[in-house]
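Listed below are the residues making up each chain.
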Amino acid sequence: MLKKWIALAMAAVFVLSLSGAAMAAGKLVKVPTAWMDEHETFLMWYAKEKGWDKDAGLDVEIKYFNSGADILNALPSGEWVFAGMGAVPAMLGNLRYDTIIIGNGNDESMTNGVVVRKDSPIAKVKGWNKDYPDVMGSPETVKGKTFLVTTVSSAHYALSSWLNVLGLKDSDVVIKNMDQAQAVGAFENNIGDGVALWAPHLFLAMDKGGVLAADLKMCKKGNPIVLIADAKYANSHPEITAKFLGVYLRAVNMLQKESAESLVPEYRRFFLEWAGKDYAKDLALKDIQKHPVYNLEEQLVMFDDSKGQSQAQKWQGEIAEFFTTVGRITPEEAKKVNDGKYATNKFLKQVQTPIPAYK
């Protein structure tokens, strides 16, 4: 009888242990992430809507911020571990908060630019610098003018790159620092001579009658949106970091294979429900079309540093060099980020393949 009770007790303990293991296995890892009301966020939002984060054992929280600077300032309080932002704040993040770049969100060289009014003298001149035939403006029409911009951002990079094409620098114009929504509103109310914006704010300003003086692609500059991580967290949790990338890349696969037109309804719903903004269909379509994205294979090539500096690292190095020349970071700071080595393929290599089908 005693042996029978011992056997039953052991069986009960075994069943309970299996049950506990099953519960532990089914528990999702909460992953706080930080984003802006931009194209790259749509991919993570879409993945969340489809439950792809749960498929990977994650519960991704998508937190709203106004700018890359705001995202970085929230890191010390532990508000996020992964984020999407422009390459410019990502550089500053590595300098000041020990963040690293773990992947590419999209290409924004066509969606960061400077907008002026149709009747501006700037809009009357095109191709002043023959090496940049599509760029508007000249030193005479631009010098001394006032521009609205979110400083030390990708939009600021566009403004400074444009000025450089015209043989000017930041100190040759008046720069007023505003967040993107404020800048669009102020420009609409005839404040400033021009405004530097990222999408979708760039398209909003153009939709309201503004003229694109230049974007980064016209200025022959690369400008990726990057996925960044708190280095301490990522290195302590490489498997979670790889899973996070896998979820994002599943949405990339979807975006590459589906037509832009078919995604417009969901894109508009994302902006309305998540960001509280109602965008017209043509604006939403343009925003999707102007943002190339890269799948895992393409990103592994982009981040490959086996034969020297990777393309991702070169972009970061160019940005560091540029912001040093315009006095936004010191030469000492530039030495820390010039090689771009904080853009790593370590976690991309750990993404499990094949990435699940998006349907």
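Computed from a predicted model, the values in this text were never measured in an experiment. (Residues numbered from 1 in each chain as written. Predicted model: local features only at pLDDT ≥ 70, side-chain atom pairs only at ≥ 80, totals over all residues. Heavy atoms only, no water.)

(A) Expanded view of the domain arrangement of the protein chain. Taken as a whole, the protein chain is organised into domain 1 (29–107 + 223–350) and domain 2 (112–219). Here the C-alpha centre of domain 2 lies 25 Å away from the C-alpha centre of domain 1. In this complex, domain 1 contributes 23 residues to the contact, which on the side of domain 2 involves 20 residues. Summed over both sides, the interface of domain 1 with domain 2 buries roughly 1900 Å², with 71% coming from carbon and sulfur. Three residues stand out in domain 1 for area buried against domain 2, namely Asn 223, Phe 322 and Arg 328, and they jointly supply 28% of the buried area on that side. Taken together, the connections running from domain 1 to domain 2 amount to one salt bridge. Between Arg 328 and Asp 170 there is a salt bridge; the shortest N-O distance is 3.9 Å. (Domains from an automatic or database assignment. Contact = heavy atoms within 4.5 Å. Buried area = accessible area lost by both parts, 1.4 Å probe. Salt bridge = Lys/Arg side-chain N within 4 Å of Asp/Glu carboxyl O.)

(B) The arrangement of the layout of surface pockets in detail. Considered as a void within the structure, the largest pocket measures approximately 300 Å³ in volume. Residue lining of the largest pocket: 15 residues in total, with Ala 56, Lys 243, Gly 246, Gln 352 and Pro 356 positioned closest to the centre. Secondary-structure elements contributing two or more residues to the lining of the largest pocket are helix H3 (52–55) and helix H11 (238–257). Per-element tally for the lining of the largest pocket: the top contributor is H11, with six residues. The class makeup of the residues in the lining of the largest pocket is eight nonpolar, three polar and four charged. (1 Å grid on protein atoms, 1.4 Å probe; cavity = no way out; pocket = protein on both sides within 12 Å on 5 of 7 lines; lining within 4 Å. Points joined across faces, edges and corners; volume = space filled by probe spheres on them. Helix = DSSP H or I, 4+ residues; strand = E, 2+ residues; numbered from the N terminus. Nonpolar A, V, L, I, M, F, W, Y, C, P; charged D, E, K, R; others polar.)

(C) Structural detail: the nonpolar core. With 126 residues, the main nonpolar core has Phe 82, Met 91, Ile 102, Val 142, Trp 162 and Ile 228 as its most contacted residues. It is H11 that provides the largest number of residues to this core, a total of 10 residues. A domain split of this core shows at least three residues from each of domain 1 (29–107 + 223–350) and domain 2 (112–219). Once you skip the residues sitting within four places of it in the chain, Trp 162 turns out to touch Val 114, Ile 122, Val 135, Met 136, Val 142, Phe 147, Ala 213, Ala 214 and Cys 219. (Core = buried A, V, L, I, M, F, W, Y, C linked by side-chain atoms within 4.5 Å. Buried < 20%, exposed > 50% of the residue type's maximum accessible area, 1.4 Å probe, protein only.)

(D) Looking closely at helix H7 (residues 154–165). Between its first and last C-alpha, H7 extends 16 Å over 12 residues, near the 16 Å set by a 1.5 Å rise per residue. Most of H7 is tucked away: 11 of the 12 residues are buried. Among the residues making up H7, those that are buried are Ser 154, Ala 155, His 156, Tyr 157, Ala 158, Leu 159, Ser 160, Ser 161, Trp 162, Leu 163 and Val 165. Sitting at the head of H7, Ser 153 places a side-chain oxygen 3.3 Å from the backbone nitrogen of Ala 155. Count one or two residues on from H7 and you reach Gly 167, which has phi positive near 75°. (Expected span 1.5 Å × (residues − 1). Polar contact = N/O pair within 3.5 Å; in protein donor to acceptor, adjacent residues only side chain to side chain.)

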